[in-house]
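Each chain, letter by letter, is given below.
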Amino acid sequence: MKPETDKWETIIGLEVHAQLSTESKLFCGCSTRFGDEPNANTCPVCLGLPGALPVLNWRAVELGARAALALGLHINELSIFARKNYFYPDLPKGYQISQYDQPFSANGTLEIMTADRDEAGHAHEWRPMILRITRLHLEEDAGKNVHEGLPDVDRYSYIDLNRSGVPLAEIVTEPDFRSSWQAYDYVNHVRRALQWVGASDADMEKGNLRCEANVSVRRKGETQFGTKVELKNLNSVRFMQKAVDFEVERHIETLESGGRLVQETRLWDERLSETRPMRSKEEAHDYRYFPEPDLPPLVVTPEFIEDARELLPELPGPRAKRFTRQYGLSFTDASQLTADRSLADYYENAVEASGGNARATANWIRSELLRELENAELAADKSPVAAAELGALVRLIDEGTISGKQGKDVLVEMFGTGKSASAIVQERGLIQVSDTGEIDRVIEEVIAASPKQLEQYRTGKESLFGFFVGQVMKASKGKANPKIVNERLRQRLRA
Ligand SMILES: [Zn+2]
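Keep in mind that this is a model prediction, so the values were computed, not measured.

A. Examining unusual backbone geometry more closely. Within the chain, A202 stands out as a residue other than glycine whose phi angle is a positive 45 degrees. For E377, which is not glycine, the phi torsion reads 50 degrees and is therefore positive. Structurally, the position occupied by E377 is in the loop between α9 (358-375) and α10 (387-398).

Written out as structure tokens, the structure reads:
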């Protein structure tokens, strides 16, 4: 029996851990580089050797401030580092330096855009959503356990402490999400915002953005929260969304059949498309938090906060809204073009070079350029076709010098060779034929060669019009201006 999902309300809260893009770790000078030999980037501080003392990396505070402001949080002028005590092999000190009751920033209000999706995952009807961010605090990362070999045969576990001490911003929301797609849109928003302000690479594949979801359900109208489950091992935003959906269905089915849920941590298994229990949480962990005695309170001045605010670029949300107003783009197009900052800059430069043809430029970037960039795995600022050159191409098409179809080939060649649009048009002799006399001559040739089709067309088979257009375009080797071909052909066939 399918659960009666419309009688239930889903409650989701999210925790995101984002690695701040510093060169060195949070409390020592070791490199944060990804992919080095295991344990190459370690020292007494991040190995947790007795007597080694932490020294705060101020760059991490600056990036943390940018992240906090980009997400609408309030920065506290005084915050306290605290020890979070727990035992785990990848945590050599036996505690993690984090922040607890006096975090770096708190009380955020953030507006994101969100949409429900159909079965195929297509979004419809984007609408704004306001959510509350409880806090963003600074903390160090733990190391990593690496398991190799086959279980019970030659299974070994190794510890790599390169990640130990890498600076993280932990971002915690209130339980404000009511669907997995809202959670999905939020994490994508955070990812984009952090990249945008340069606070984090926010690359989930490299593990420098990780998320966890707290999920519960309750009957509509109830005010108490139901039993919640914490989901981990969510290696992509899409996996998170699927894991949440799976859990919601499992909760409703369990409750409707009279079962009981336990508060626990569950892992997403992408291969089986299901969650499974990791450990149960009878009570909240007792981490025995206390203020870190080796570090002074973290104090930032109002000037520091003001400077950080002034250094922030125009954020993706406001920029997308401006694109819809200023360039007449749909919201979907504007969000795609503000998916990262280099692409948004590229678009605005290209519009200028095209002579202000904002919509055509948007279309060329979305339908043609992005595909080439994706295939070459390049960001817009590394595009072999400079923004000014793409604008020049849009202008050539707009002025009728070449057709849109020719433009596509030209763009591919521009991308491959780095040559300008006008150089390629000249080399290939691509100038579009708009001379009506020349086009009429080709039309006569085509009509003379197709008496049967002409007869059928005149006796009512109007779908053959496309056949004639195709023949004329073919005979002109694609150079005829299709708009003029259409016009002249219609006139001629009416005669
Ligand atoms: Zn170190």
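B. Fine view of the coordination of the zinc ion. Donor atoms from the polypeptide that coordinate the zinc ion comprise C28 (SG), C30 (SG), C43 (SG) and C46 (SG), at 2.3 to 2.4 Å from the metal. Of note is the zinc ion, whose four donor atoms meet at the metal with angles of 100 to 116 degrees in an arrangement that counts as tetrahedral. Ordering the donors of the zinc ion by residue number gives the pattern C-x1-C-x12-C-x2-C. Of this pair, C28 sits in the loop between β1 (8-19) and α1 (44-47) while C46 sits in helix α1, and the two are 18 residues apart along the sequence. A relative accessible area of 4% places C46 in the buried class.

C. Seen up close, the pairing of strand β4 (residues 81-85). Within β4, five of the five residues are buried, which leaves it mostly tucked inside the rest of the structure. Both faces of β4 are covered, namely the face carrying F81, R83 and N85 and the face carrying A82 and K84. In the sheet, β4 pairs with strand β5 (residues 95-99) via five bridges, with the strands oriented antiparallel. Counterpart to R83 in the pairing with β5 is I97. Pairing of β4 with strand β15 (residues 290-291) involves two bridges; the strand directions are antiparallel. Opposite R83, over in β15, you have F290 as the bridge partner.

D. Here's a closer look at the pattern of salt bridges. In the structure shown here, the tally under the stated rule is 36 salt bridges. With a shortest N-O distance of 2.5 Å, R132 and D176 are connected by a salt bridge. Here R132 is found in strand β7 (residues 123-140), whereas its partner D176 is found in the loop between β10 (167-173) and α3 (180-196), with 44 residues between them in sequence. A relative accessible area of 45% places R132 in the partly exposed class. We note a salt bridge from R492 to E444, for which the minimum N-O separation is 2.6 Å. Pair noted here: R492 is in helix α16 (residues 482-494) and E444 is in helix α13 (residues 436-449), with a separation of 48 residues, a long-range link. Salt bridges linked by common partners bring E314, R319, R322, D345 and E348 together as one network.

About the thresholds
Residues numbered from 1 in each chain as written. Predicted model: local features only at pLDDT ≥ 70, side-chain atom pairs only at ≥ 80, totals over all residues. Heavy atoms only, no water. Helix = DSSP H or I, 4+ residues; strand = E, 2+ residues; numbered from the N terminus. Donors = N, O, S within 2.8 Å, 3.2 Å for Na, K, Ca; no water. Tetrahedral: all angles 85-135°; square planar, octahedral: opposite > 155°, others 65-115°. Buried < 20%, exposed > 50% of the residue type's maximum accessible area, 1.4 Å probe, protein only. Pairing = 2+ DSSP bridges. Salt bridge = Lys/Arg side-chain N within 4 Å of Asp/Glu carboxyl O.

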